[in-house]
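A closer look at the structure
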Amino acid sequence: MTRILADLPDEDIKWLDQLAYEQGKSRAAILREAVAAYRPQGTLDWLDAGFGAWKDRDDIGDAVEWQRRERAANTRPWDVDYPEVRAEFPDLFDEQDDREHALHIAWLAENGMQPGDGNIRPGSHEAKRTKK
């Protein structure tokens, strides 16, 4: 076993000594246990560790459908796929979303663009480009 020299604040040493006294162990034994507890016991391959983590979940139904719905909930009225997503998940959207979508389409038309022509913000120097 290798010895090390470590600097710790005085209050940490007092706490460590009190803990060692209460547990009937040496300061070194407490430190060894702390390092062992801090050190990962297995691989840090997070993909392997998380794979299948939800396989036994029964509160979400079909996991793929749940995930599709969660992603659909993040669709915004200015997203290119808004009409398709809204048709598939109508309960996720309301009249305000439809108004915002219509305003977005109108703005694109005013500026000679169509959905999917790029991420042009109103007021930018490219916003008034003409369609070729």
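Quantities reported herein were computed from a predicted structural model and do not represent experimental measurements.

**Quick word on the packing of helix α1 (residues 10-23) against helix α2 (residues 27-38)**
Between α1 and α2, the shortest axis-to-axis distance is 9 Å and the interhelical angle comes to 100°. The pairing of α1 with α2 is recorded here as roughly perpendicular in orientation. Contacts between α1 and α2 pair Ile13, Leu16, Asp17, Leu19, Ala20 and Gln23 from the former with Arg27, Ile30, Leu31 and Glu33 from the latter. Class assignment for the residues of the contact of α1 with α2 results in six nonpolar, one polar and three charged.

**Topic: the environment of Phe93**
Within the secondary structure, Phe93 is located in the loop between α5 (82-88) and α6 (95-110). With relative accessibility at 9%, the residue Phe93 sits in the buried group. Between the C-alpha atom of Phe93 and that of Ala73, which follows or precedes it by 20 residues, the distance is 8.4 Å. Residue contacts for Phe93: discarding those within four places in its chain leaves Ala72, Thr75, Tyr82, Val85 and Arg86.

**Quick word on the pattern of salt bridges**
Taken as a whole and judged by the stated rule, the model has eight salt bridges. Two residues, Asp59 and Arg57, come together in a salt bridge whose shortest N-O distance is 2.8 Å. Taking the relative accessible area as the measure of exposure, Asp59 reaches 54% and is therefore exposed. The closest approach of N and O atoms between Arg99 and Glu95, which form a salt bridge, is 4.0 Å. Placement of the pair is Arg99 and Glu95 together in helix α6, with a separation of four residues, close to one helical turn. The exposure class assigned to Arg99 is partly exposed, which follows from its relative accessible area of 44%.

Conventions adopted
- Residues numbered from 1 in each chain as written.
- Predicted model: local features only at pLDDT ≥ 70, side-chain atom pairs only at ≥ 80, totals over all residues.
- Heavy atoms only, no water.
- Axes fitted to C-alpha atoms, helices over the stretch in contact; angles between N-to-C directions.
- Helix = DSSP H or I, 4+ residues; strand = E, 2+ residues; numbered from the N terminus.
- Parallel < 35°, antiparallel > 145°, perpendicular 65-115°, else oblique.
- Contact = heavy atoms within 4.5 Å.
- Nonpolar A, V, L, I, M, F, W, Y, C, P; charged D, E, K, R; others polar.
- Buried < 20%, exposed > 50% of the residue type's maximum accessible area, 1.4 Å probe, protein only.
- Salt bridge = Lys/Arg side-chain N within 4 Å of Asp/Glu carboxyl O.

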